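What the coordinates show
Residues per chain, in single letters:
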Amino acid sequence: MAYLGQDFPFGFLGIPAGERLRAVRAAGFDEVMIHWQEENGKSAPERYDQAIAAGLRVRTVHFPQEAMADLWREGEAGDRLEEHLIRAIRETGERGIENLVTHTTRRLETPPPNETGLHRMARAAEAAEKAGVNIALENTRFLQYNQFLFDHLDSPRLTFCYDCGHAHCFTPGYDPLSLFGSRMTAMHLHDNHGIQDQDEHLLIGDGNIDLSLLFSRLAAFQPVSYSLESRYRGNEMGLEEYLAVAHGRLKYYVDRAERMLSRAAAR
């Protein structure tokens with residue numbers, strides 16, 4: 001049975017982080033994905049320690065996305081981004097974290113793929129190989145950036161994070177799981193209604209993604225874990241109920257897909 005994970009933060013920000021993390025564990029989740037940046041006065045390493053203390057595994061973290069367009073630009077801003085990325089790789093490697101997820105651009109800010117970005121990512125990949133960390137490139141609006149880096153960098157530490165919500169509302173005419181799934185080491189699972197550029201981050205089952213098909217495809221890759229990236233949307237549920245629903249839906253689809261895969265293999 002694969003591990004089940006929940007992104008953090010997922011909502012209920014008025015409740016102390018330690019209490020929310022304990023609630024994630026109490027709901028049945030095995031893992032939490034934290035964002036590798038300061039949040040509410042707590043550094044990323046402090047948040048990591050809180051998650052471990054709550055009994056959660058931290059297998060994947062998310063690098064900040066705000067400056068990612070600078071990856072492709074010459075100059076001090078790009079240099080700072082590269083230094084930040086390599087520092088985050090070292091910090092996560094020191095803690096035995098397997099995956100550092102990063103975007104390749106920032107929203108619609110898209111300098112074309114170029115040698116500057118390639119060289120920056122090559123140096124980051126070299127640091128990742130030394131640290132034992134995967135740089136998991138997430139599919140966002142523009143898949144050509146993932147393709148460019150995968151085509152030009154031959155590193156076992158340059159991997160893929162599949163985001164099903166992004167695929168549904170940003171690139172409906174393409175199939176990033178088919179393109180890059182063989183490199184997948186992390187995933188973000190959430191739902192939306194497939195409306196162009198509306199990344200709703202709903203609980204799975206609250207949008208119109210074909211979840212039976214999605215999970216059957218994911219199970220074929222035999223992932224180590226399945227991780228949600230849904231967000232609380234201010235409905236009537238409290239913290240414990242929200243996490244129970246999130247965990248229950250994820251477990252249902254994972255169990256169902258893995259049973260079907262096992263039956264198919266036994267034939």
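This text goes with the structure placed above it.
Residues numbered from 1 in each chain as written. Predicted model: local features only at pLDDT ≥ 70, side-chain atom pairs only at ≥ 80, totals over all residues. Heavy atoms only, no water.

1. Remarks on the pattern of salt bridges
Counted under the stated rule, the structure contains 17 salt bridges. In this structure, E109 engages R73 in a salt bridge whose closest nitrogen and oxygen atoms are separated by 3.0 Å. Here the residue E109 occupies a position in the loop between β4 (99-102) and α4 (115-131), and R73 occupies one in the loop between β3 (60-62) and α3 (76-94), the gap between them amounting to 36 residues. For E109, a relative accessible area of 35% puts it in the partly exposed group. Given the relative accessible area of 29%, R73 is considered partly exposed. (Salt bridge = Lys/Arg side-chain N within 4 Å of Asp/Glu carboxyl O. Helix = DSSP H or I, 4+ residues; strand = E, 2+ residues; numbered from the N terminus. Buried < 20%, exposed > 50% of the residue type's maximum accessible area, 1.4 Å probe, protein only.)

2. Re the pairing of strand β5 (residues 134-138)
The buried fraction of β5 amounts to five of the five residues, a majority that puts the element mostly inside the structure. Sheet topology places β4 next to β5; four bridges connect them, and they run parallel. Counted as the bridge partner of T102 is L137 from β5. In this region the chain leaves β4, passes through α4 and returns to the parallel neighbour β5; the handedness of that crossover is right-handed. Taken together, the four bridges between β5 and strand β6 (residues 158-163) define a ladder with parallel strand orientation. Its bridge partner being in β6, L137 is matched across the sheet by F160. (Pairing = 2+ DSSP bridges. Right-handed = clockwise from strand over helix to strand, strands pointing away.)

3. A look at the side chain of E39
The residue E39 is located in the loop between β2 (31-35) and α2 (44-53) in this model. If near-sequence neighbours (up to four positions away) are discounted, E39 is found in contact with F8, P9, R20 and R47. (Contact = heavy atoms within 4.5 Å.)

4. Comments concerning the packing of aromatic side chains
Scanning the model with the defined rule gives 15 aromatic pairs in all. The interplanar angle of 50° and the centroid separation of 6.2 Å between the aromatic rings of F160 and Y162 together place this pair among those described as tilted. Classification of F160 by relative accessible area gives buried; the value is 0%. Looking at R57, its charged tip hangs above the ring of Y3, at a distance of 4.7 Å from the centre. One Lys or Arg, R141, reaches over the ring of F170 and ends 4.2 Å from the middle of that ring. (Phe/Tyr/Trp six-rings, centres within 6.5 Å; stacked < 30°, edge-to-face > 60°. Lys NZ or Arg CZ within 6 Å of the ring centre and 35° of its normal.)

5. Side note on the packing of α3 against α4
Where α3 contacts α4, the two axes come as close as 9 Å, and the packing angle between them is 15°. Accordingly, the angle class assigned to the pair α3 and α4 is roughly parallel. When the axes of α3 and α4 are compared, the crossing they make is right-handed. Here G78, D79, E82, L85, I86, I89 and G93 of α3 lie close against α4, whose contacting residues are R120, M121, R123, A124, A127, A128 and A131. Here the residues of the contact of α3 with α4 sort into eight nonpolar, two polar and four charged. (Axes fitted to C-alpha atoms, helices over the stretch in contact; angles between N-to-C directions. Parallel < 35°, antiparallel > 145°, perpendicular 65-115°, else oblique. Left-handed = near helix turned anticlockwise from the far one by under 90°. Nonpolar A, V, L, I, M, F, W, Y, C, P; charged D, E, K, R; others polar.)

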